[in-house]
Amino acid sequence: MTFDPADLTAADYLDSAREMTAAGRPYLAHLLAEEAAQRTPSPAAAAGIRASFPDPTTDRKD
């Protein structure tokens, strides 16, 4: 079965981001959530998505 990425919705990307979080893949979750945020028409909802899946590479305290 082949899927066209153009047919995916913000909800599809957000579901995948949650799955990646559960699988311990925070950076991939962040990237998927960013795509979901870009596909979300509401700026407030997009900001909420971004806040829920922050970039794990910016939290480093090396």
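Residues numbered from 1 in each chain as written. Predicted model: local features only at pLDDT ≥ 70, side-chain atom pairs only at ≥ 80, totals over all residues. Heavy atoms only, no water.

**Student:** Go over the nonpolar core with me, naming the residues and quoting the values.
**Tutor:** Membership of the largest hydrophobic core is limited to 12 residues, which are Ala10, Tyr13, Leu14, Ala17, Ala29, Leu32, Ala33, Ala36, Ala37, Ala46, Ile49 and Phe53. Looking at this core element by element, the count peaks at five residues for helix α2 (residues 26-38). Residue contacts for alanine 46: discarding those within four places in its chain leaves Ala37 and Thr40. (Core = buried A, V, L, I, M, F, W, Y, C linked by side-chain atoms within 4.5 Å. Buried < 20%, exposed > 50% of the residue type's maximum accessible area, 1.4 Å probe, protein only. Helix = DSSP H or I, 4+ residues; strand = E, 2+ residues; numbered from the N terminus. Contact = heavy atoms within 4.5 Å.)

**Student:** Explain the side chain of histidine 30 to me, using residue names and the numbers behind them.
**Tutor:** Tracing the backbone shows histidine 30 in helix α2. Classification of histidine 30 by relative accessible area gives buried; the value is 16%. Among the polar contacts made by the side chain of histidine 30, one reaches the main-chain amide nitrogen of aspartate 55 at a distance of 3.5 Å. Setting aside residues no more than four positions away along its own chain, histidine 30 makes contact with Phe53, Pro54, Asp55 and Pro56. (Polar contact = N/O pair within 3.5 Å; in protein donor to acceptor, adjacent residues only side chain to side chain.)

**Student:** Help me get a handle on the packing of helix α1 (residues 10-22) against α2, residues and values and all.
**Tutor:** Orientation of α1 relative to α2, taken along the N-to-C sense of each, is 165°, at an axis distance of 8 Å. In this view, α1 runs roughly antiparallel relative to α2, as classed from their interaxial angle. Here α1 runs over α2; the crossing is left-handed. Counting all contacts with α1, which are made through Ala10, Tyr13, Leu14, Ser16, Ala17, Met20 and Thr21, the residues of α2 involved are Leu28, Ala29, Leu32, Ala33, Glu35 and Ala36. Across the contact of α1 with α2, the residue classes tally to 10 nonpolar, two polar and one charged. (Axes fitted to C-alpha atoms, helices over the stretch in contact; angles between N-to-C directions. Parallel < 35°, antiparallel > 145°, perpendicular 65-115°, else oblique. Left-handed = near helix turned anticlockwise from the far one by under 90°. Nonpolar A, V, L, I, M, F, W, Y, C, P; charged D, E, K, R; others polar.)

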